[in-house]
Each structure stands twice: as C-alpha cells, then as structure tokens.
Amino acid sequence: MSSNCKESSILSDWIRRALSAHRTTICNSIALCSDDYLMPALRLAYSLVNQICKEEAVGKSPTLSIDWVENVVVYSKNRVESEVMHCGGRRDSLDSQGFIDSLGFDFNTSDAGGNDFDVDDDLFESILNDGTVLLEEERDRDVQEGEYDYNIRAEFSPSLFNLIRNDADGGGLPKVIVQRGISSLGVVFYVLFSGGERPAHFPTPTELAGQKLTTRFDTETETEELSQEQSDDLEPLPFDRDVTIDLAVEPSIFDSIDDEYVHDPLGDRTIDGAPDNPNPKKKHTSQQNRDISNNCSAPAESLRAKGLPSPLCDLVANMLDCINGTLSGEDSYQSMADVRSDLRLMLDNPNTFLRDVDTTKLSTAGLQLIEKTMFGRNVELSSIKDAYQRSISGECRPVTITGTSGTGKSLLANEFGKFVSSAGGIFLSGKFDQLQQGKPFSALASAFDQYCGILLQYDDVASPKEEVAFQLRSVLGKESYHLSKIIPSLATILGSELPVPNHNEDCINAQKRVQYLLCKFVEVISSSSSVPITLFLDDLQWADTASIAVVNQLLFAAGPSSHKNFFFLACIRERDSTTKWLPGIDILVAGGIKIKLDCMGEHTLNAMVSETLRLSPRLTRTLSNVMYHKTKGNPLFVSRLMRSLSNEGLLRPSLSRRRWEWDTKEIRSRRLPDDVAMFLTDSLEELPKEVRWALFVLSCFGASSEKNAFVERQGLDDNILKNLEIAVAEGLVVKIDDQYRFAHDRIQEAAYNTIPAEKRCVIHFKYGIELSSLLIGEEDASASVLFTAVNQLNLGGPHAVQDKGQYVTAARLNLRAGKKAMEMSDYETAYLNFDCGISFLRKKHWEEHYSLSLELFSLAARCALTNGDHISLKILIAEVVAKAQSFEDKLDVLYLEACALASSFRLAESIEQGLDILSKLGMEVHADSVEACVQETKDLLSPYADDDLLNFKQMTDPTMILAMKFLGKLEMGMTQNMPTSVPYVAFKIIQLSLTHGMSPVSPVGLAYYGSHLAKQWSISEGYHYVKLALSLLDKVGSRENAGEVIFIGTQVKMYVEPLQATLEYHHEGYAAAMASGDSSLAVINLYASIAANFFAGANLQRMHELCADAIQFSEQRQQLIIMVQLQQVQRTVSKLIGKDEEAKHSSEGLDISVSNSSVLRSHHYQTAYVNFIFRSYDDAVKYIEKYFAFQETTWGNLFFAHAVHAFYTGLISFWVARKSKEQNWYQRGHRSKLALRRWADSSQWTFENKWYLLEAEESFCKNDFETAKSYYKKAATSAKQHKFIHEEALAYELAAYFYLELGEREQSIEHFMLAHEKYLEWGALGKCDCLLKFVEFMKKL
C-alpha cells in the first residue's frame, strides 16, 4: 500500500471515530442521521456489496459461519496513523499490522483472488464505481456536489471468501447461499448504520456454526447441495424443518410492526395511539417462523427509532428478511446486485431514494408527477447535442423530433434547451396551435419576440441591442417596417427611425419578401451574437404554409455558411388519421436529421415509476409491468394513468410504511381503452361538469390563454378561472404566471371534443361576436384581439349566425383581419380571411354591399396571385369583371391577370393585355421612330436639374399609379420579346412622372432610358441617367422595383467603372429583389453576378461553387430559363478546371434547352468559347456559325454580355480567317475590334487589354508581324495591370501560337509557359494539362 494515503481500521473503530467528531455538539442519534456520517457510511456499504458481487462473478462466496462484521476493514485516505480494535471496543493483543495480517490482507502484493491493496487513486475509485475508472473532472464534480466520499472505502478480508463453484460449472451460486449472504450483509449494515449496535434477537453465525442445513427451494427449483465446506454440521433453520406453514400469504417483515408506533417526520420520537392497521396481514401458523420474522423486523424498527431514513431502514430490513429463505416477504432481496443497485440510487439521488417521503403531505396533495423529467432518451439527447455542435460551427443541419402523440417530443426538446441555456446559449421557442392558425407566423413571431425581449434588457450604448439595431437598419433599410409588423418588440429596438411604408407599393411578391426578411433577421442576430442561438418550433404539424416556407428558405436556400452560430430544432407529430403534413414539412424532415421517438420500453417505464414514487426499481417492477402492458409505454398515457390510479385509491401513500403502496390485482383487472386520446376523454368525463366546461372554453382559444384576456376578452366570469384552478390541481392545465396552458396538446384535443361539433360552431361564433365588441371604433386595436375574434367567427362559420346583421359584421371583420395579415406579409392567412369574409356575404351582396364585396374579391385575387393559386385567381377576376360598376374598378384585377400571364411565361399575351388596357385609359405606347422618341424624352427632361427630379412631387392619382404599374410590367416583358419598343415605354413612364408626379415605377423608366442611350448613343449620357434612377429609388417611398433598376443600372456601370468594382452591385440587386419578394429579378441579378465574376477572372473553383448554389436557388424559385443558362456556365467552368460534368436537366429544362432561342444562342456561344480555349478548331467553327445563324436581337438596352461576346467572337473570327482565308470572318473580327475600341474609350480599365488583343490578332491576319508583337505585349501588360489574370494568360497563349507560326520556337515555348502559370493561378487545371501536353509534343518535334 502506498505510504502516503491509506490507513486501515476495523469497522467498529471507524464508527466510533466517525461519531466522536459530532458527539461534542449533537447527540448520537442525530449524528447517525447527519450527512457527514450517513453518506460516508453508504459509501462503505456500497464498497462492501460491490466486492461481494465481484467475488460471486468468479464463483466465490463469503463463509456464512464467520462473523462478517469482524472481518470488515475500512481504508481512509485522510488519517496518518492507524488503530485497530475489536468490535467490543477492547484492543487486540496483536499490534495493528499483526491483526491485519491475521485477517489475510497483503498490502504489498496481490493475492490469488485478485485483491491488490497497493492501488493508485484512480483504481481505488474504480473499485467503488463498478470497475469504472473515473475521469479527474468527474471525480472533482461529484466531490464538489457532495454525492460521494472518494476518500474512504471498506472491504472484507480475502480469507472470508471461499470458492464454491468452478467457472466450468456454469450457472449462479445456490440461492440459499445468496439469501443467507444477503442477511449476513444486512447484519453488517445494521451495525454500520446503528452506530455499532447488533440487531437484537437475530441469529448469529456463531449460533449456527456446526449445524447442518438442508435447503428447500421454491417449487421451480430442485434441491441443491451446499459445498462440503459450507454445509457440514449445519442444523436446519426453523423454516427448513418439517413444520406446517400457511402459504396463503407470504410473510413479510412488516407483519410484526406494532401498529401503535408511528414516527414523526424527524424520526426522533414515537406517537402513541396510532390507528390500527385496517388491512392486517395473515400470520404464519408456525410460531418458529413468526419468531424469525419478528427477529428481522424489530431491528429495522430500532433503526427507525434512531431517526434514520425509512428507505434505508427498509433496505436493511429487506436484507435481514432474506434469512427466511423462500418464505421471505415480497420486498426481500433476491440478489446482491439488487442491493448494490439500491445503494447506488441512494448515493446518486439521495433526495429521491434516501430521504423520507412526507406522507402527511402526500395524503392531502396526492401523487405529484415529475412532469419535467426525461426518462430513457439519453441517446436521442446526445444526437441532438452532436448536431448542435456541428451546426453552430457552420454545418447547418436542422433536427426534427418525430413520434406519435405523448411520446415526449417536447420534453426532449426542452431538456436540450436546458443544456443550451446552461452552456450560455440562447434558446428561443415557439409553438404552433391547431386552433390559432389565423395568427400570421405565430410561432416564429413568438420566438423572435423572445430574442428582442432579451436585447431590451440591455440599457448601455455598447449593448448587443444597439449592434443588432444598427445591422438590421443597414441590411433591411425601409423593409424593416414589414418585419416589425410580425415581431412587435422589434419596433422598440429599431426606435424612432423606423421607416413609414408606401401603401401603394406592389405587394404581389410580398410573401416572398417577408421570407427573405426573416432569413436576413436570423443572419443578423446569429452573426451579431457572441453565443449560439437555437430556434425551437413545437407542433410543426399545425404550422401554416407561410411559416413552413420561411423555415425551408432559412435552412436550405441561403446555404449553410449563412447561418453559423445558429441551430434549428422542431417537434412534429407523426402522421395519423387526425394529423396531416403540409408538403413543405416533408422537405424539412428530409433535408435534416430525423430523430424518431418510440414509446418507452418496460425498463424505462419502471425507472419513471420508480422515481415518481421514490421507491427502488425492484419494488416498483410489478406495478410497472402492469402499466406497461396497459399503456404500451406511452409516457403521456403512463402519467395520466398514475394520476388516475392515485385518485381512485389504487395507488396510495402508507403512513405506517412511509411509502407508496398499490393493489396490483385491482390495477391489472381495470379495463382501459387502447388509445391515449380515448383514455383522456374518459378521464375528463369523470371531472365535474363545471370543470369540463372551463377546459372546453380554454381549448376553444388554443393551447394557452392569458388570464386577463381569458376574462376580459371572452366576457367570462370568475367561475371559469376557479374551475381552471381545479384543472391545474389535476395536472391537466399548467399555470405559469398569469397564463393557462394545457399540459399536453392531446389534453386540449380531448377537452375540445367533449362538445359535439355542431354545438362548438355556435359557441365559437358567440365568442367571436363578444370579442368583436372590443374592436368597435378601435382601428388600432391589438392585432392579437382582432385575429382571435375573427378566428372564432370563422370556426363558427355562416351556419352559426343568429342575427342577419352578423353576416356583414363577420365579413367586415374578415376584411380587416385580411388587410392586417397582408400588412404582416402573410398572404396565406390573408386569403383565408378574405375567403371566409366572402362566405359570410348573402345573396344580392353586390347590390347591397358593393364596396365591401369589391374589396374582398379584389384583395382575395391579389393574395391568390401571391400564393400561386391561379385557379382561384381566375374565378375571382371573372367575378369582379362581371360585377364591377366601372372600368376603373376592374383595373386592379386586370393588372393581376397581366402579372399572372407574365409569371406563366406567356409574355406576349401579358404585353398584349397591358397595351390594350393602357389604350382604354387613353395611353398609346408608340412614336414615329426610336430617334424621335429619344429626342422627345430629352426635351421633356432638359428643363429639370437632377435635384429637381429627385425632389419632384409624388404621384397621388390611383388610376395613374396603376397605369404606371402596367407600364413597368411592360418594360421588362418588352426587353425580352419586343426590345425595339423599350424606348417608347420608358418615354411614357417619364412623361407621366413629369405630369402627375413620381411613383415607384419612375426609376424604372429612367434606368431603361439611360440604358438605351448608352447602347445607341452615348455611354456617358446613359451612365448619368442610370445613376439618377438609382438615386431616385430612395425618394419615391418604395424600393419595390429596386432589383430591376439596379440590374439595368449595373449593366451600364460596367462600361464605365472598373469591372471588379461593380461586382457587388448585383449582390445589392439580388438583396433588393428578395426584400421586395421578386424572385425573378433576384435570380436575374444572381445570374448577372455569376457572369460578371467569370468575366473578371474570379477563381474557377469558387466559381464552380457559386454556380451550384445559384442553380439550386433558381430551381427552387422555378426560374428555369436562368437555371439552364447557369448550368451552361457551370459546364464551361467544369471543363476549365478539369471536370467532365454534364448538366442534369429536368424534363422542363430539356424543353427549354431545345426550344428557347435565347438559351440556344447562349449554349452555342458557351460551346464555341470552350472549343476556342481548348483549341478545337472544327468544333469552334461549327458552334460559332450556329451562334451567328441565330437572328441577332436588336437589343434596346446595353448589357455587359454584348462586350464579352464581341471579344471572343472576334478572336474566333480572326482565327478562322487565318485558317480559311475567307473575308467574311475577317470582317466579323474587325467589327468586334472597333466595338471594343469604342468601349475602351469609356473604360480603359476593363476594355483596353481586350482591344489590344484583337488588334494583335488582326495584325497577325494581315501578316503585320511587328505590329502584332507589339499588341500582344501590350495586351498581356494591360491585362496584368487591370487584374484580368485569365485574359493575361490568353494573351500569352495567343502570342505563343503567333511565335510558333513564325518559327520562333523558344519564344513560343516561353509564352506557353507564361500562359500556363497564369491559367494555373486562375484555377484552370484542365486547360493547364492540355497546354503542357502540347508543349511536350512541341519539344519532341
């Protein structure tokens, strides 16, 4: 043994020393009960039984005829000298070491049995922990919590153990030996916990020595023979003699407990006069058996009298009772492992398994279920934690917890929430409600409002609140208003600077806008937060489609890198007859990590019952078995059944035994429904009628309701609240502060179904009317009150109307709620409100309530378009067109029809309808010629300075505003189908703006006008007007068209500003388009950004990733034309980097690839470009001819692709001209050179090197070699200076071919290697390989 640590003493000596430390201040009885003594004593007890279990595992058992108490040695780390004494207190004649030696211990070597007492600390601790070596931090944690005393242990002398079974024999130890061993260990425990006393009137090993024992087992076990060493000369114990025994009831140690002894909770005194046991148990007919039973129970009562906890007293009593063998009580132990398990529970969780139960409180309060404790879900919890750690590091993988109702999904999620909070993270939660779907984004709004509440707790200037507010203002700008309508507390954070919206803006894509805004909100808060943020959404099966769309875009559209420091978790009930999933939920579940919860197994259920009843699992096993077969392990079913059994008295507290007891036979015979829903319904029927009604009323308003709202809004009296308090006591409802919430959604459903459906409708409508009284004359009333009232009306429906006037009231309230939902950008909810409002209208409503009808139908049509419901849109438009009293009243829906045609790729029809409507309004879009139109526009603008235009009056005429929208819609459509008409539309927009005032469409007209000027007339003049258009965006009160204006403007800017400096502009265009919900313009800006990066020579590997993300985004937005064009760019990039990837087209994509002229022309250009770069002459000629074969569109606007195409078609044309000697190819190249020269005058940075390279190739064609050499050098130098690394490589490569043609071999190889170096730097590994192969081929020639 190490000299520095462990001192040994026998058990009695340790007890005396441990108690002597307290006797000076407290009495011996209280000292025994103190944790300072009790917890180390439990640790000693545990170490002893653990030693026996290990010895039994190898076939050894302690000798039963030896006094075990005198063979216990205690080892302590804290003492420096040892003293060994006999149990009686006298000092042995041997010295301490001699006595220990006489017991057979060897402190320096391991004995044959494997006992090594010279152990290090870790091994020592592992002995006390089932052989598990604890980590240092675990040991420190447990010591700090006071759960274990790692400085002390006890062991029996190795000589106490004898081998009674060889390993080859198999099987366990004989049962009689095990039970006798347990009772002998019980004696040791009695001595340990009593303070050194022996159990009175209990047989000692000395009294049994020399007697012969013949064992008799239960009917299922045949007689076993003890080993010769154990059984020689043992007399039979009383229960083994041939006596008459009444087996009708198994005897128990509790049979002999005197009924007049009832101990108070402190255990320091007894109270006489306790009531007789109402159910006395039968006694054995054998006096001898009764004597032994008395001998077992009396010592236990003696321990109780000392104030020791009843569970510990019962443990000792159950162990002593094992001396009765097969006639022991039902609570007696069957194995040492059971004893060890019970001690471990007392050490691990003393408050549950060691401390006394307050039976007096239980008698009045009843069973208190552990509602918030999780059982048997550690593996699932670990999986969520692992996903959380990966997610906050950038791997965005959402986790969904699925399972049938009542399996503990929410409990698991909230347990994870505790982990997040304890680790310093932020856990935001929201819950969807089946009956509150009328509230837009309810769960998301609740969760994000929690975050704002956290921020509002900070007051200092440098607080996270100010940082988040600044970031949101920067990212969202004026669009933050729309977000504040969803997240109420956000307005407080953003402060007085919150912008006022333009209510005339086009909200066709507003729902997509709010999806984008919420995603940006998450991006801002996760990037601004110093700790991880978790968003948990419960009951996702009840979510609205708008919320599901937000979640899917948040998790999958933005890409994983956008949301580091963010984690998403959701609970979803499995599909069943009452639960259907929205399509978006399948996408969410499939795209993340799914954790499915099944019902509890029997072992887990027993752990739940054990901890609830504060009893050892071995004692609750029979009860748990019955409950498992009745509930199939459903946690909700189990908890409600336990409460029901408690209420019925089948599960009751025992005052005398200070524990729970039950009637297993009665519980087993009770008939229960198979389904938890039916059980809950049956349970509610047993409640008083008034309580059932209160629960039904609460269920009508969802899963929860505020107390004040419940009384004031619903117009209910205090009796409802009183009865809800009864429901709280029953565990059906939880009350947190002033909020009542159902303990589980299944309880809410059961309560809701207590009233027949037809009666529910009437009640819902009645409450809706009562609530609506709070809204009279209150236009700014709480949105929550409005949505709740309307939801109640709609749940009632038209059939529940009692008075004619209520039809119109319900319709008007639905109109009001729909407008509020639109304001919050929830067009799904808004459409439902308008649709319900229409359902309340009666016959002749167009005549009697024209304005109400027109507004309901028009707004419903707008929502239908936003939601992509073109069938409903068509029906609604037809109704308005048929019933509207004027053409102006039809304009709204006609505009929606034109938008629907455009979004369905029916541009020609959309343009035709737009022109027809404008014609009916007296606006003709035409002029004598383009030149005349441009001149007329110049004349209109000439009197105004830029500041005059930026501060011009705003348009207010509703008809003109709508006409401007038609013109704006025409502008984009004509750009693709009728480009020559674009200047006419731009002129009309500018003309109306200068006549009636500026509108959100005015910047569109200026941008297209500037683009046309740049294309056909003057780049600098066009550049001036596109900059003016961009500045005007912030002056017209809305940025709904910002995506379009930025796109057109940036294309012109690329001809003036350095290309690399313009790359961020299209990102701004994408963000602006997404912020206004315009997916089409967002995708166009994204495509333009990809193309611009490629033209600027961005790293090709990064380009490949950007293309993949953009293709996915385009496909999700159903922008298939752009998606196919992006796939073409990606294929080009793949070839350059050495990957041979072919695009995977859908059937729609294939149709577009072979039918759309723009896509085909782009495909031919891309293919010709790749063949030119890889010097495949024949294929390059083939595809460039196909490219030229398409009729060149006379674009009315300037796009950067014009310059790029001109550059590469010019290079290919000069190449073909040299090879074929055909003049037409030379002319094509020459035209390209002139165009690049003109553009180089506008932007030397971007176009100079391109012009130089075309000059070099033209000189090469004309055999002007010296000029060619000069221009090749200039092209490479200019490309290098202006950071076009790919074009520098191309200049070197073309120069190399030039020198090769001249026969200057060394110069050629030198230029090839320079080209290789730059291509490699660009990332064009595939091109590098081809170039090297060609150089190697040259060297061999």
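Our structure's up above, just so we're on the same page.
Values in this document were obtained by computation on a predicted structure and should not be read as measured data.

Participant: Explain the packing of aromatic side chains to me, using residue names and the numbers behind them.
Facilitator: Under the criterion given, the structure shown has 50 aromatic pairs. Arranged with centres 6.4 Å apart and planes meeting at 75 degrees, the rings of Phe156 and Phe161 form a pair that is edge-to-face. The same class applies to Phe156 as to Phe161, namely buried. Measuring from centroid to centroid gives 5.8 Å for Phe1172 and Trp1215, while their planes differ by 65 degrees, and the two rings are edge-to-face. Taken together, the residues Phe1172 in helix H54 (residues 1157-1173) and Trp1215 in helix H56 (residues 1200-1220) connect sequence positions 43 residues apart. Taking the ring centre of Tyr75 as reference, the NZ or CZ of Arg153 above it sits at 4.5 Å.

Participant: Outline the pairing of strand E13 (residues 651-654), listing residues and values.
Facilitator: Of the strand pairs in this sheet, E13 and strand E14 (residues 659-662) are connected by four bridges, and their pairing is antiparallel. Paired with Pro653 across the strands is Trp660, a residue of E14. Counting the residues in the hairpin turn of E13 and E14 gives four residues, including Arg658, whose phi is positive at 55 degrees.

Participant: Any details on empty space enclosed by the protein? Residues and values, ideally.
Facilitator: For the coordinates displayed, the defined rule picks out 10 cavities of 30 Å³ or more. Roughly 240 Å³ of volume is contained in the largest cavity. Lining the largest cavity are 24 residues, and of these Pro311, Arg614, Leu615, Ser616 and Leu619 sit closest to its centre. Looking at the lining of the largest cavity, the elements that each hand over two or more residues are helix H11 (310-320), helix H12 (336-348), helix H25 (617-631) and E14. Here the lining of the largest cavity gets five residues from one element, more than from any other, and that element is H11. Of the residues that constitute the lining of the largest cavity, the class distribution is 12 nonpolar, three polar and nine charged.

Participant: Quick rundown of the sheet that holds strand E1 (residues 7-10)? Include the residues and the values.
Facilitator: In a beta sheet, neighbouring strands pair by backbone hydrogen bonds and run either parallel or antiparallel. Read from one edge to the other, the open sheet built from three strands follows the order E1-E3-E4, with strand pairing classed as antiparallel. Where the open sheet ends on each side, the last strands, each with one partner, are E1 and strand E4 (152-156). Recorded for the sheet is a direction-independent mean angle of 30 degrees between the axes of neighbouring strands. Sheet topology places strand E3 (residues 72-76) next to E4; five bridges connect them, and they run antiparallel. In the sheet register, Ser76 faces E4, and the bridge partner there is Ile152. The strands touched by helix H3 (residues 35-57) within the sheet are E3 and E4, with E4 carrying the most contacts at an inclination of about 40 degrees.

Participant: Residue-level account of the packing of helix H7 (residues 175-194) against H11, with values.
Facilitator: Running from N to C, H7 and H11 point in directions that differ by 145 degrees, and their axes come no closer than 7 Å. The way H7 lies across H11 gives a crossing that is left-handed. Within the contact between the two elements, H7 uses Ile182, Ser183, Leu185, Gly186, Val187, Phe189, Tyr190 and Phe193 and H11 uses Leu312, Leu315, Val316, Met319 and Leu320. Residues belonging to the contact of H7 with H11 are distributed by class as follows: 11 nonpolar, two polar and no charged.

Participant: Residue-level account of the packing of helix H61 (residues 1305-1322) against helix H62 (residues 1325-1340), with values.
Facilitator: Two elements in contact, H61 and H62, have axes whose closest approach is 9 Å; the angle formed by their N-to-C orientations is 165 degrees. When the interaxial angle is binned, H61 and H62 end up roughly antiparallel. Between H61 and H62 the crossing geometry is left-handed. The segment H61 lies against H62, with Arg1305, Ser1308, Ile1309, Phe1312, Met1313, Ala1315, His1316, Tyr1319 and Leu1320 engaging Leu1325, Lys1327, Cys1328, Leu1331, Leu1332, Phe1334, Val1335, Met1338, Lys1339 and Lys1340. Grouping the constituent residues of the contact of H61 with H62 by class yields 13 nonpolar, two polar and four charged.

The rules behind the values
- Residues numbered from 1 in each chain as written.
- Predicted model: local features only at pLDDT ≥ 70, side-chain atom pairs only at ≥ 80, totals over all residues.
- Heavy atoms only, no water.
- Phe/Tyr/Trp six-rings, centres within 6.5 Å; stacked < 30°, edge-to-face > 60°.
- Buried < 20%, exposed > 50% of the residue type's maximum accessible area, 1.4 Å probe, protein only.
- Helix = DSSP H or I, 4+ residues; strand = E, 2+ residues; numbered from the N terminus.
- Lys NZ or Arg CZ within 6 Å of the ring centre and 35° of its normal.
- Pairing = 2+ DSSP bridges.
- 1 Å grid on protein atoms, 1.4 Å probe; cavity = no way out; pocket = protein on both sides within 12 Å on 5 of 7 lines; lining within 4 Å.
- Points joined across faces, edges and corners; volume = space filled by probe spheres on them.
- Nonpolar A, V, L, I, M, F, W, Y, C, P; charged D, E, K, R; others polar.
- Axes fitted to C-alpha atoms, helices over the stretch in contact; angles between N-to-C directions.
- Contact = heavy atoms within 4.5 Å.
- Left-handed = near helix turned anticlockwise from the far one by under 90°.
- Parallel < 35°, antiparallel > 145°, perpendicular 65-115°, else oblique.

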